[in-house]
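These are the residues of each chain, in order.
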Amino acid sequence: MGDYSSETLSHIDRKFIEDLIRKGERLDGRAFDEYRNIEIEANVVPAKAEGSALVRLGDTSVVAGVKVLVGEPYPDSPDEGVTMVTAEMSPIASPLFELGPPKEDAIELARIVDRGVRESETVDTKSLCIEEGKKVYMVFADVYPLEYDGNLIDASSIAVNAALLTTKYPEMKVEDKKVVATGNIVKLPIKNIAIEHTVSKIGNRLIIDANLREEFVQDCRLTMAVDQNDNFTALQKGGGSGPISLELVDQAMGMALDNAKEIKDLINAAVKDVE
Amino acid sequence: MGDYSSETLSHIDRKFIEDLIRKGERLDGRAFDEYRNIEIEANVVPAKAEGSALVRLGDTSVVAGVKVLVGEPYPDSPDEGVTMVTAEMSPIASPLFELGPPKEDAIELARIVDRGVRESETVDTKSLCIEEGKKVYMVFADVYPLEYDGNLIDASSIAVNAALLTTKYPEMKVEDKKVVATGNIVKLPIKNIAIEHTVSKIGNRLIIDANLREEFVQDCRLTMAVDQNDNFTALQKGGGSGPISLELVDQAMGMALDNAKEIKDLINAAVKDVE
Amino acid sequence: MGDYSSETLSHIDRKFIEDLIRKGERLDGRAFDEYRNIEIEANVVPAKAEGSALVRLGDTSVVAGVKVLVGEPYPDSPDEGVTMVTAEMSPIASPLFELGPPKEDAIELARIVDRGVRESETVDTKSLCIEEGKKVYMVFADVYPLEYDGNLIDASSIAVNAALLTTKYPEMKVEDKKVVATGNIVKLPIKNIAIEHTVSKIGNRLIIDANLREEFVQDCRLTMAVDQNDNFTALQKGGGSGPISLELVDQAMGMALDNAKEIKDLINAAVKDVE
Amino acid sequence: MSPEIKPDFLISPEGLRVDGRRPDELRPIELKVGVLKQADGSASIRQGKTYILAAVYGPRELHPRHLTLNDRAYLRVEYRMATFSVPDRKRPAPSRREKEISMVIANALKPALFLEEYPKAVVDVFIQVIQADGGTRCAAINAASLALADAGIPMKSLVPAVAVGKADGQLLVDLGDEEDKYGQGDVPMAILPQTGEITLLQQDGFFTREELIEAMQMGINSCKYLHELQKDALKRVYVRNPEDGEDDFDDDLEADLGESEIMEDE
Amino acid sequence: MSPEIKPDFLISPEGLRVDGRRPDELRPIELKVGVLKQADGSASIRQGKTYILAAVYGPRELHPRHLTLNDRAYLRVEYRMATFSVPDRKRPAPSRREKEISMVIANALKPALFLEEYPKAVVDVFIQVIQADGGTRCAAINAASLALADAGIPMKSLVPAVAVGKADGQLLVDLGDEEDKYGQGDVPMAILPQTGEITLLQQDGFFTREELIEAMQMGINSCKYLHELQKDALKRVYVRNPEDGEDDFDDDLEADLGESEIMEDE
Amino acid sequence: MSPEIKPDFLISPEGLRVDGRRPDELRPIELKVGVLKQADGSASIRQGKTYILAAVYGPRELHPRHLTLNDRAYLRVEYRMATFSVPDRKRPAPSRREKEISMVIANALKPALFLEEYPKAVVDVFIQVIQADGGTRCAAINAASLALADAGIPMKSLVPAVAVGKADGQLLVDLGDEEDKYGQGDVPMAILPQTGEITLLQQDGFFTREELIEAMQMGINSCKYLHELQKDALKRVYVRNPEDGEDDFDDDLEADLGESEIMEDE
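Q: Honestly, the overall build of chain D in this entry has me stumped. Any pointers?
A: Within chain D, the secondary structure is distributed over five helices and nine strands. Taken from the N to the C terminus, the helices and strands of chain D come in the order β-β-β-β-α-β-α-β-β-α-β-β-α-α. For chain D, buried positions account for 59% of its 266 residues. Counting only contacts in chain D whose residues sit at least 6 apart along the sequence, the fraction spanning at least 24 positions is 67%.

What follows is the structure, encoded as structure tokens:
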């Protein structure tokens with residue numbers, strides 16, 4: 001995601017990639033609006049996580065897992081459950097990631113994916129109330145990158161949504177002021193699915209789903225969450241400080257819309273088998 | 001506040017200031033027991049803070065804001081509310097302040113100003129009880145220096161006291177085990193006002209309200225909180241490790257007492273207009 | 001405990017110690033299975049700690065203190081109290097210890113001593129319940145090394161156990177949903193005492209209770225908690241990465257068993273006088 | 001402890017907003033340059049009830065050294081909210097939100113700066129939110145950009161910023177707190193005024209593609225207006241002889257600010 | 001929120017365990033080498049429901065510099081559990097338990113490595129527990145050892161590891177979560193397979209001296225079996241022409257791995 | 001969990017304190033030098049129930065380097081309370097209070113030391129409060145000063161310290177915990193005994209100017225007495241032949257301590 005260019009990519013490589021893009025080609029032969037191969041494996045942590053998914057986007061891969069806990073609601077929304085998405089850039093995934101507390105890039109990754117879930121109202125938090133003002137479900141979706149070859153955001157967004165769609169947990173109720181299990185296993189109430197699509201600007205061209213070497217030469221990127229009704233529910237310009245024109249933003253939105261349905265179909269197919 | 005002398009003031013400057021003081025003069029022509037011009041602007045954060053004030057002491061300025069929250073009392077004082085003063089040395093205020101966790105100097109600033117409020121029993125904490133052992137008001141007064149030209153302590157003390165005097169908040173009560181607003185807006189119960197006065201020792205002379213260049217050459221400083229009955233309610237020797245004689249401490253106390261009433265009058269005038 | 005060898009011990013010293021051990025001798029003339037002189041002073045913090053002990057093991061010394069608080073039980077053991085042992089390697093005890101957050105070595109020390117208490121079920125946590133699911137006693141035993149001349153683990157284990165055996169605290173009960181003192185002072189319910197014994201491997205020889213210079217040349221150490229029924233209740237290989245054969249582990253266990261009773265007797269004698 | 005009540009509507013039958021503004025009307029804005037004496041450059045902004053201070057220190061030596069860039073100055077932005085600037089007391093330690101906003105503000109400002117003139121140095125931008133009432137990241141950019149100019153950091157142009165939002169189905173410029181809280185979305189953005197190119201762009205809520213494009217166009221228009229306000233604020237400080245009128249201003253200003261406005265061709 | 005119920009017995013009247021295993025039977029184990037493309041070496045292990053990934057980076061330059069060792073490479077092990085790998089959500093920050101386990105894993109691996117060949121460098125071993133169902137520190141060693149071989153770090157041999165435990169009074173190999181939780185003790189260990197020497201040894205619970213010795217003997221036997229599985233996993237990746245059968249394997253493997261298996265004399 | 005009950009009075013009708021002391025009477029004090037074998041210098045103090053250890057390491061090399069002072073040694077003081085030293089368990093991490101006290105103790109000691117003899121070095125003073133029963137910062141100074149002498153750090157003199165307080169309207173020397181808690185104020189101070197100059201001074205509670213002056217005079221008197229106790233403690237360790245009586249002591253001591261007591265002229 002970050003600005004690793006100076007350290008890792010020689011000037012010759014950089015020029016080569018940029019020239020290629022200018023000619024309308026990409027390093028791996030993809031079209032500008034074409035994602036890499038997407039593989040989604042749902043329910044990969046069946047014994048411990050309430051929901052989970054492993055996603056491969058070309059040579060990028062991430063795993064997401066969901067835990068459902070019981071906790072107290074926020075004072076200003078006493079009848080709503082809580083959702084939270086976190087992500088860390090674990091050093092297992094790349095020689096570019098370092099040990100230690102999260103850096104700006106890791107914070108941005110977590111916040112972008114979190115926004116994609118919260119702003120899109122993916123989970124029906126009103127249905128996550130056990131007893132108003134006292135007890136609600138708290139849904140944590142945590143993402144771990146395993147291989148970083150570019151575009152962690154989209155891979156994480158797909159993984160988190162697939163994990164949420166497979167999430168099942170024991171229903172709880174309050175009895176004599178204690179939280180006890182009802183014995184039922186219920187599915188997480190999903191209201192809206194929005195997937196994030198990231199388009200990179202290189203020179204005056206846009207490409208979707210940049211791999212790592214393309215990220216190194218990008219001027220900036222635009223991440224767009226598109227929901228099931230083709231609404232844009234979250235947007236973030238990042239990945240460099242290059243400015244972008246309104247026309248290119250419009251074009252990027254078109255690329256996101258063009259890919260939105262297909263990726264949602266892939267997710268739905270992957271989670272269908274999990275019962 | 002700190003010991004920045006070696007980095008920032010040449011030996012020639014140092015000697016110049018010390019010689020001047022020895023001759024009975026100060027850089028800016030003030031008398032030894034004379035404060036710089038004091039401006040107090042009350043209620044500068046009217047829409048979000050329960051009380052606030054901006055204080056200029058010559059070219060030093062700080063802003064203080066008060067938030068009143070509801071929380072639980074300490075186990076050993078179940079019928080008392082809580083007051084807490086914090087201060088940080090934000091880098092906005094000086095090239096001498098650094099980013100990162102608070103250093104010794106910042107901790108001392110916060111603790112001195114806090115002591116001035118708590119030891120003087122400025123707020124009547126017994127009146128801040130909503131339900132004994134369960135719910136009390138918690139009063140936070142937080143100080144942010146904006147411009148640092150010496151004597152942050154006195155500026156912060158004036159600002160915190162002015163902010164507390166302007167503090168109003170919605171009255172709460174407990175009804176059916178829930179905390180609800182009564183609809184009344186009430187003033188913070190103030191019991192005693194004590195302002196801190198800082199005197200610097202340079203050679204064998206004492207000056208009040210040192211500016212930054214004077215702080216650089218001070219041997220040590222003495223901060224004294226003087227309340228409305230001319231009691232000393234908090235005292236701190238700091239700002240260097242130079243020793244000080246009992247006679248000079250006595251003389252410093254006199255300088256503090258001489259300025260105490262005038263500054264309290266300034267504060268009262270500034271907060272009077274806020275209704 | 002750590003691997004300070006390269007910095008602090010010359011190659012000549014190292015060879016000297018190893019040769020000596022090979023000849024069957026130790027620097028201070030002890031037998032291989034012989035502890036240094038052990039002094040136990042119980043109840044050294046009588047006015048503030050609920051239990052305490054100072055232990056000298058040759059020139060190593062540590063102080064341990066116990067605090068008993070009232071808190072909430074863990075959700076998965078609502079009718080059990082909590083015990084926790086911590087230890088820090090305070091820089092007061094050695095030029096080898098540094099200021100700052102605990103390093104790996106300090107974490108290991110704390111975890112080994114903690115395991116010796118928890119795995120041995122030293123405290124009868126079922127008896128520490130005040131009201132099931134609501135209030136239990138929480139027993140904290142905290143260790144501070146004062147002089148580090150090797151084998152902090154055994155010294156800490158002896159000190160923690162002696163401190164626990166002297167622990168007395170005001171009995172509490174729940175009345176009208178409040179925790180109040182009954183007026184009785186009760187002893188901590190002790191179920192099982194297990195002391196940790198540490199054997200160091202140097203070449204193919206084993207020695208017990210290594211001093212600092214011996215620790216510097218050890219290949220590894222084996223810490224074994226032996227309880228009052230001669231059960232092994234916790235074991236940890238550490239102090240270097242040298243491998244150890246099954247035969248030597250067996251021999252080390254024998255050395256631990258041979259010393260176990262005598263040290264427990266010393267502890268019992270030391271705590272007997274505390275009433 | 002400032003209980004807020006949801007208003008019945010955000011757009012009145014007459015098409016006006018809760019504070020009486022038209023949909024494309026900014027709140028009253030007051031920009032001041034050179035407000036903090038210790039800083040190399042500074043500015044304040046009051047936008048409605050939002051009140052923010054920005055200070056610039058540098059170019060100066062960078063600590064810690066390992067952050068040094070060999071070909072340009074490091075632009076370090078620290079956006080911080082006062083604990084009392086928001087309805088509930090904010091915790092004093094910097095939040096993840098503050099860190100993310102610091103990063104997007106830095107990205108918004110960089111394209112306007114000639115940072116390559118100070119290799120290995122740092123330019124520090126410290127932003128303190130005193131009162132937050134919506135649009136703080138955009139207001140912060142407006143002020144920070146002025147503080148950078150005040151510090152004499154060479155720049156292509158000032159960077160204006162504004163948030164466009166949606167409430168009761170209508171696009172609105174420069175959301176206040178209530179409109180942000182009870183509305184359907186928010187699009188903060190910043191631009192380079194010469195080209196209209198976007199340097200900051202975020203969005204939340206629900207927008208169709210067409211709505212988003214329209215919102216951004218409104219934002220660009222408002223930014224251009226804000227840019228005029230920014231230039232006026234600079235003039236008030238840097239024009240030597242205000243009695244001479246504004247005819248000579250541009251020359252004077254450029255002389256004062258070095259390259260700062262030279263490349264602007266509007 | 002995965003409520004667990006204590007089973008009535010851990011050993012059935014027929015002498016079988018809750019999952020039907022014999023006392024000395026390992027859970028099904030799947031080892032894969034080269035599973036992560038960005039790492040210099042990697043491996044995964046599934047042991048029952050336990051699922052762990054290990055990646056090796058290096059030898060490479062060490063930051064911060066003050067950790068540098070002049071006579072050998074620094075072996076830095078970071079063992080981390082995913083928040084969702086355990087019944088309750090683990091906090092994201094590394095716990096003291098994770099730090100201690102990282103240290104004992106490093107100690108378990110070091111005796112098998114020729115770290116003196118890379119003075120001043122670092123070899124990083126990152127271990128991610130995806131699902132934890134007992135025996136994670138031992139499974140992690142099994143995988144990390146393969147990842148180190150895959151990265152071409154010179155080694156005397158692979159390091160196999162297993163935990164032996166006790167439940168209902170009986171010694172059992174390779175405890176699952178339930179056996180660990182409701183049993184009477186646990187002895188995780190790792191060995192150098194050529195000599196049978198122990199490189200990791202911990203224990204909790206209640207054991208007599210005789211039981212402990214017997215447990216360690218069972219562990220050594222299981223480790224030797226695990227070592228065969230590890231070698232098989234390497235073969236699947238490094239033997240160039242699997243059609244040729246296994247006769248030529250050892251030569252090929254040694255050629256591929258440098259010294260990695262040379263000193264093994266079983 | 002040590003419930004304390006407020007006493008009916010702090011001064012009895014006979015003018016005595018809760019523990020039977022006269023107003024100007026110190027608690028029983030035991031000072032020992034050289035109590036910790038690993039440290040370069042050490043001392044312990046028992047003052048009533050307060051029990052504190054101090055160790056000095058150095059002069060030695062300073063890490064991290066950027067703290068180095070070119071013209072003198074850096075005096076680094078770390079004052080820490082054991083978790084069990086107070087009625088409620090103290091959290092293990094250093095509190096802001098502990099950091100502030102560390103700073104004022106360093107300032108109290110510095111004027112007595114010739115730190116300029118060791119430029120770029122550090123002198124570390126580690127203070128561990130084992131049991132706290134009032135007056136810990138002053139007791140810590142008494143012990144730290146002895147530990148510095150024991151470490152051979154050149155000094156003008158030892159630094160004695162005591163707290164004077166006020167209870168039931170009366171000034172009292174060396175407050176115990178109860179007197180501190182239920183009294184009306186506290187004035188901890190330290191002095192240079194040769195000149196009577198004050199090197200530590202703090203105060204809380206309510207005092208008139210006259211009361212404060214009187215309190216400080218009482219404090220100076222008590223400090224002078226404490227200084228004698230400090231010298232006695234040093235003698236017990238450093239006088240080679242105690243049989244010879246005290247006449248020869250001063251010479252011997254000065255020979256042992258270098259400049260440490262030379263400048264004292266009482």
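Back to the write-up after that little detour.
Q: Even after reading the chapter, I still don't get the interface of chain F and chain B, so can you show me in this structure?
A: One frequently used descriptor of interface size is the decrease in accessible area upon assembly of the parts. At the junction of the two partners, chain F supplies 29 residues and chain B supplies 32 residues. For the chain F and chain B pair, buried surface summed over both sides reaches about 2,800 Å², with 58% attributable to carbon and sulfur atoms. Looking only at chain F, the three residues that lose the most surface to chain B are Arg96, Phe206 and Arg209 of chain F, adding up to 24% of its buried area. One salt bridge in this structure joins Glu100 of chain F and Arg111 of chain B, with 2.4 Å as the shortest N-O distance. Counting every contact that joins chain F to chain B gives 13 residue pairs in polar contact (both at pLDDT 80 or more). Looking at the side of chain F that touches chain B, the elements that each hand over two or more residues are α1 (96-109), β9 (197-207) and α4 (209-238) of chain F. With eleven residues, the single largest contributor to the side of chain F that touches chain B is β9 of chain F. Along the lines of polarity and charge, the residues of the side of chain F that touches chain B split into 13 nonpolar, seven polar and nine charged.

Q: Just to check I follow, could you spell out the interface of chain E and chain A for this structure?
A: Facing the 34 residues of chain E at the interface are 36 residues of chain A. Overall, the association of chain E and chain A removes approximately 2,800 Å² of surface from exposure, summing both partners, and the carbon and sulfur fraction of that is 61%. Linking chain E with chain A are six salt bridges, by the criterion used here. The salt bridge involving Asp133 of chain E is made with Lys48 of chain A; its shortest N-O contact spans 3.4 Å. Taken together, the elements giving at least two residues each to the side of chain E that touches chain A come down to β3 (50-61), β4 (74-81) and β5 (121-131) of chain E. Here the side of chain E that touches chain A takes five residues from β3 of chain E, the largest share from any one element. Residue classes in the side of chain E that touches chain A are distributed as 17 nonpolar, six polar and eleven charged.

Q: Sorry if this is basic, but what is going on with unusual backbone geometry here?
A: Apart from glycine, the bulk of residues carry a negative phi angle, and the bulk of peptide bonds sit in the trans form. At the junction of Gly58 of chain D and Pro59 of chain D, the peptide bond is cis and its omega measures out at 0° in the coordinates. Looking at the element boundaries, Pro59 of chain D is found in strand β3 (residues 50-61). Of note in this structure, Asn43 of chain C is not a glycine but carries a positive phi near 60°. Relative to the elements of secondary structure, Asn43 of chain C occurs in the loop between β1 (38-42) and β2 (51-57). With a phi close to 70°, Lys120 of chain F is a non-glycine residue in the positive phi region. Structurally, Lys120 of chain F can be placed in the loop between α1 and β5 (121-131).

Q: Please clarify how the packing of helix α6 (residues 246-272) of chain A against helix α4 (residues 209-238) of chain D should be interpreted in this entry.
A: For any two helices packed against each other, the geometry comes down to the angle between their axes and how far apart the axes lie. Put simply, α6 of chain A and α4 of chain D touch, their axes get as near as 11 Å, and they point 165° apart. With respect to α4 of chain D, the axis of α6 of chain A lies roughly antiparallel. Relative to α4 of chain D, the crossing made by α6 of chain A is right-handed. Here α6 of chain A contributes Leu246, Val249, Asp250, Met253, Gly254 and Leu257 of chain A to the contact with α4 of chain D, which in turn contributes Arg209, Leu212, Ile213, Met216, Gln217 and Ile220 of chain D. For the contact of α6 of chain A with α4 of chain D, a count of residues per class yields eight nonpolar, two polar and two charged.

Q: For this particular structure, what's the right way to read the nonpolar core?
A: Here is a general trend for soluble globular proteins: nonpolar side chains tend to be buried in one another's company. In terms of nonpolar packing, the biggest core is built from 166 residues, with Leu75, Ile127, Leu148 and Met216 of chain E touching the most fellow members. Non-local contacts of Leu148 of chain E, meaning those with residues more than four positions away in its chain, are made with Val56, Leu75, Leu109, Leu113, Val123, Val125, Ile153 and Met155 of chain E.

Q: Any chance you could explain the packing of helix α3 (residues 104-118) of chain A against helix α1 (residues 96-109) of chain D here in plain terms?
A: The N-to-C vectors of α3 of chain A and α1 of chain D enclose an angle of 105°; their axes lie 9 Å apart at closest approach. It follows that α3 of chain A is roughly perpendicular to α1 of chain D by the angle criterion. Taken together, the residues of α1 of chain D that come into contact with α3 of chain A (itself represented by Glu104, Ile107, Glu108, Ala110, Arg111 and Arg115 of chain A) are Arg96, Arg97, Lys99, Glu100 and Met103 of chain D. Residues that form the contact of α3 of chain A with α1 of chain D fall into these classes: three nonpolar, no polar and eight charged.

Q: Help me understand the pattern of salt bridges, please; the structure alone is not making it clear to me.
A: Pairing is possible between side chains that carry opposite charge, provided their charged atoms lie close to one another. Evaluation of the coordinates by the stated rule reveals 143 salt bridges over all chains. In this structure, Arg26 of chain C engages Glu214 of chain C in a salt bridge whose closest nitrogen and oxygen atoms are separated by 2.9 Å. Here Glu214 of chain C lies in helix α5 (residues 212-217) and Arg26 of chain C lies in the loop between α2 (11-22) and β1, a separation of 188 residues in the sequence. Residue classification places Arg26 of chain C among the buried residues on the basis of a relative accessible area of 3%. Across the salt bridge formed by Asp232 of chain F and Lys235 of chain F, the nearest N and O atoms sit 3.4 Å from each other. Residue Asp232 of chain F and its partner Lys235 of chain F are both found in helix α4; the two are separated by three residues, about one turn of the helix. Residue Lys235 of chain F is classed as buried on the basis of its relative accessible area, which comes to 17%.

Q: How should the side chain of Ser156 of chain C be read in this particular structure?
A: Residues and elements named next belong to chain C. Following the sequence through the fold, Ser156 ends up in helix α4 (residues 152-165). For Ser156, a relative accessible area of 0% gives the class buried. For Ser156, the contacting residues outside a window of four places in its chain are Val62, Leu109, Val113 and Val143.

Q: Explain a positive patch on the surface here, please?
A: A cluster of basic residues, Lys134, Lys177 and Lys178 of chain A, Lys134, Lys177 and Lys178 of chain B together with Lys134, Lys177 and Lys178 of chain C, forms a positive patch at the surface. Mapped onto the elements, Lys134 of chain B comes out in the loop between β5 (129-131) and β6 (135-147).

Q: Help me out: how do you make sense of the sheet that holds strand β5 (residues 121-131) of chain D in this one?
A: What links the strands of a sheet is backbone hydrogen bonding, and the strands pair in either a parallel or an antiparallel sense. Residues and elements named next belong to chain D. Across the sheet, which stays open at both edges, the five strands sit in the order β1-β2-β3-β5-β4 with mixed pairing between neighbours. Since the sheet does not close on itself, it has two edges, and those belong to β1 (29-33) and β4 (74-81), each with one partner. Strand-to-strand twist across the sheet, computed as the mean angle between neighbouring axes with direction ignored, equals 15°. Relative to β5, β4 is paired through eight bridges, and the arrangement is parallel.

Q: Honestly, the sheet that holds strand β7 (residues 170-173) of chain D in this entry has me stumped. Any pointers?
A: On the basis of which strands lie adjacent, the open sheet formed by eight strands has the order β10(A)-β9(A)-β11(A)-β12(A)-β9(D)-β8(D)-β6(D)-β7(D) and antiparallel pairing. Strand pairing shows two members of the sheet lacking a second neighbour, β10 (205-208) of chain A together with β7 of chain D, which therefore form its edges. Going across the sheet, the axis of each strand differs from the next one's by a mean of 20°, ignoring polarity. As judged from the six bridges shared by strand β6 (residues 161-167) of chain D and strand β8 (residues 185-192) of chain D, these two strands associate in the antiparallel manner.

Q: When you look at the packing of aromatic side chains in this model, what are you seeing that I'm missing?
A: Aromatic ring pairs are described here by two measures, namely the spacing of the ring centres and the angle between the planes. Evaluated as defined, the whole model comprises twelve aromatic pairs over all chains. On the basis of an interplanar angle of 75° and a centroid distance of 5.6 Å, the ring pair of Tyr144 of chain C and Phe84 of chain F is categorised as edge-to-face. On the criterion of chain membership, the pair formed by Tyr144 of chain C in strand β6 (residues 135-147) and Phe84 of chain F in the loop between β4 (74-81) and α1 is interchain, its members lying in two chains. With a relative accessible area of 0%, Phe84 of chain F lands in the buried category. With a centroid separation of 6.0 Å and 55° between ring planes, the pair formed by Tyr57 of chain E and Phe126 of chain E is classed as tilted. Taken together, the residues Tyr57 of chain E in strand β3 and Phe126 of chain E in strand β5 connect sequence positions 69 residues apart. Across the pair, Phe126 of chain E and Tyr57 of chain E agree in class, each one buried. If you follow Arg46 of chain D out to its NZ or CZ, it ends over the ring of Tyr51 of chain D, 3.7 Å from the centre.

Rules of the game
- Residues numbered from 1 in each chain as written.
- Chains lettered and ligands numbered in written order.
- Predicted model: local features only at pLDDT ≥ 70, side-chain atom pairs only at ≥ 80, totals over all residues.
- Heavy atoms only, no water.
- Helix = DSSP H or I, 4+ residues; strand = E, 2+ residues; numbered from the N terminus.
- Buried < 20%, exposed > 50% of the residue type's maximum accessible area, 1.4 Å probe, protein only.
- Contact = heavy atoms within 4.5 Å.
- Buried area = accessible area lost by both parts, 1.4 Å probe.
- Salt bridge = Lys/Arg side-chain N within 4 Å of Asp/Glu carboxyl O.
- Polar contact = N/O pair within 3.5 Å; in protein donor to acceptor, adjacent residues only side chain to side chain.
- Nonpolar A, V, L, I, M, F, W, Y, C, P; charged D, E, K, R; others polar.
- Axes fitted to C-alpha atoms, helices over the stretch in contact; angles between N-to-C directions.
- Parallel < 35°, antiparallel > 145°, perpendicular 65-115°, else oblique.
- Left-handed = near helix turned anticlockwise from the far one by under 90°.
- Core = buried A, V, L, I, M, F, W, Y, C linked by side-chain atoms within 4.5 Å.
- Patch = residues over 30% accessible without salt bridge, like charges linked within 9 Å, V, L, I, M, F, W, Y side chains within 5 Å.
- Areas by Shrake-Rupley, 256 points an atom, 1.4 Å probe, with all protein chains shown as cover.
- Lys, Arg positive; Asp, Glu negative; His and termini not counted.
- Charge placed at Lys NZ, Arg CZ, Asp CG, Glu CD.
- Pairing = 2+ DSSP bridges.
- Phe/Tyr/Trp six-rings, centres within 6.5 Å; stacked < 30°, edge-to-face > 60°.
- Lys NZ or Arg CZ within 6 Å of the ring centre and 35° of its normal.

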